[in-house]
Amino acid sequence: MKRNVVLSLGLMAAIAFGTANEAAFALGQRRTLAQSTPATQVNSTVVKSGEWVSADHPTKGAVRVVTENGKTYLELDEAFSSDPGPDLFVLLHKEGVPRNYRDSDFVNLGRLQRVSGSQRYEVPAGTDLSDLNSAVVWCRRFNVTFGYAPLNS
């Protein structure tokens, strides 16, 4: 009962004083960027895109590199999924089919946020995208390619 009262009060406060996003959060609902941001505020251009290919673990879905308001992002779509692993990272790699993992071969975008669903990673400013030919889910600990997506312009 106490939990329901707290949730109800939080919902009423979010509706009365907050935004639609805060109200949705209070209801336990997720909203995507497209749902919560008016289209007039987002100026997004797709630079590269591709489909995931399974390597050592099943990996599927689509990926795209977009520029938006002067920044570049790698986006995994809602259909993205891969197996869990102990030390997974998202990379942009020079090779279309990645085989080598020397530091000079890739740009590390950070740890994989989750093994399924849409997610977004900021690409460091100044990264030369013309030299990067795939997105990769890679296990650093065991040097294993879970999956990769060759990127087409």
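Residues numbered from 1 in each chain as written. Predicted model: local features only at pLDDT ≥ 70, side-chain atom pairs only at ≥ 80, totals over all residues. Heavy atoms only, no water.

Peer 1: Would you explain the pairing of strand E10 (residues 134-139) in this entry?
Peer 2: Remember that side chains alternate between the two faces of the sheet whenever the strand is regular. With 6 of 6 residues buried, E10 lies mostly within the body of the structure. Here E10 shows two buried faces, one formed by Ser134, Val136 and Trp138 and the other by Ala135, Val137 and Cys139. For strand E7 (residues 88-93) and E10, the ladder comprises 6 bridges, and the chain directions are antiparallel. Residue pairing across strands places phenylalanine 89 opposite tryptophan 138, the latter belonging to E10. Summarising the sheet, E10 and strand E11 (residues 144-150) pair through 6 bridges and their orientation is antiparallel. Following the sheet pairing, valine 137 is matched in E11 by glycine 147. In textbook terms, the turn of a hairpin is the stretch between consecutive antiparallel strands, and for E10 and E11 this stretch comprises 4 residues, one of which, asparagine 143, has a positive phi near 50°. (Buried < 20%, exposed > 50% of the residue type's maximum accessible area, 1.4 Å probe, protein only. Helix = DSSP H or I, 4+ residues; strand = E, 2+ residues; numbered from the N terminus. Pairing = 2+ DSSP bridges.)

Peer 1: Got a minute to help me understand the confidence of the model for the chain in this structure?
Peer 2: Parts of the prediction with low pLDDT should not have their coordinates interpreted in detail. Considering every residue of the chain, the mean pLDDT works out to 81; 73% of them sit at 70 or more. Confidence over residues 1-40 falls short of pLDDT 50; this stretch has 22 contacts with residues more than four positions distant or in other chains. (pLDDT = per-residue confidence, 0-100. Contact = heavy atoms within 4.5 Å.)

Peer 1: Is there a simple way to explain the sheet that holds strand E9 (residues 119-123) in this structure?
Peer 2: Strand pairing within a sheet occurs via backbone hydrogen bonds; the two strands may be parallel or antiparallel. The 4 strands are arranged E1-E4-E5-E9 in an open sheet whose pairing can be described as antiparallel. Edge positions in the sheet fall to strand E1 (44-51) and E9, since each of these pairs with one other strand and no more. Taken over all neighbouring pairs, the strand axes of this sheet differ in orientation by 25° on average, direction set aside. In this structure, strand E5 (residues 71-76) lies alongside E9, joined through 5 bridges in antiparallel fashion. The residue of E9 that forms the bridge with tyrosine 73 is glutamate 122. (Axes fitted to C-alpha atoms, helices over the stretch in contact; angles between N-to-C directions.)

Peer 1: Which parts of the structure should I look at to understand the packing of aromatic side chains?
Peer 2: Two aromatic rings are characterised by how far apart their centres lie and by the angle between their planes. For the structure on display, the rule yields 4 aromatic pairs. Aromatic side chains tyrosine 101 and tryptophan 138 sit 4.7 Å apart centroid to centroid with 10° between the ring planes, which places their arrangement in the stacked category. Taken together, the residues tyrosine 101 in the loop between E7 and strand E8 (106-111) and tryptophan 138 in strand E10 connect sequence positions 37 residues apart. Just as tyrosine 101 is buried, tryptophan 138 falls in that class too. Both rings, one in phenylalanine 106 and one in tryptophan 138, keep their centres 5.6 Å apart while their planes meet at 50°; by these two values the pair is tilted. Separated by 32 residues along the polypeptide, phenylalanine 106 in strand E8 and tryptophan 138 in strand E10 bring together distant segments of the chain. One aromatic cluster in this structure is built from Tyr101, Phe106 and Trp138. (Phe/Tyr/Trp six-rings, centres within 6.5 Å; stacked < 30°, edge-to-face > 60°.)

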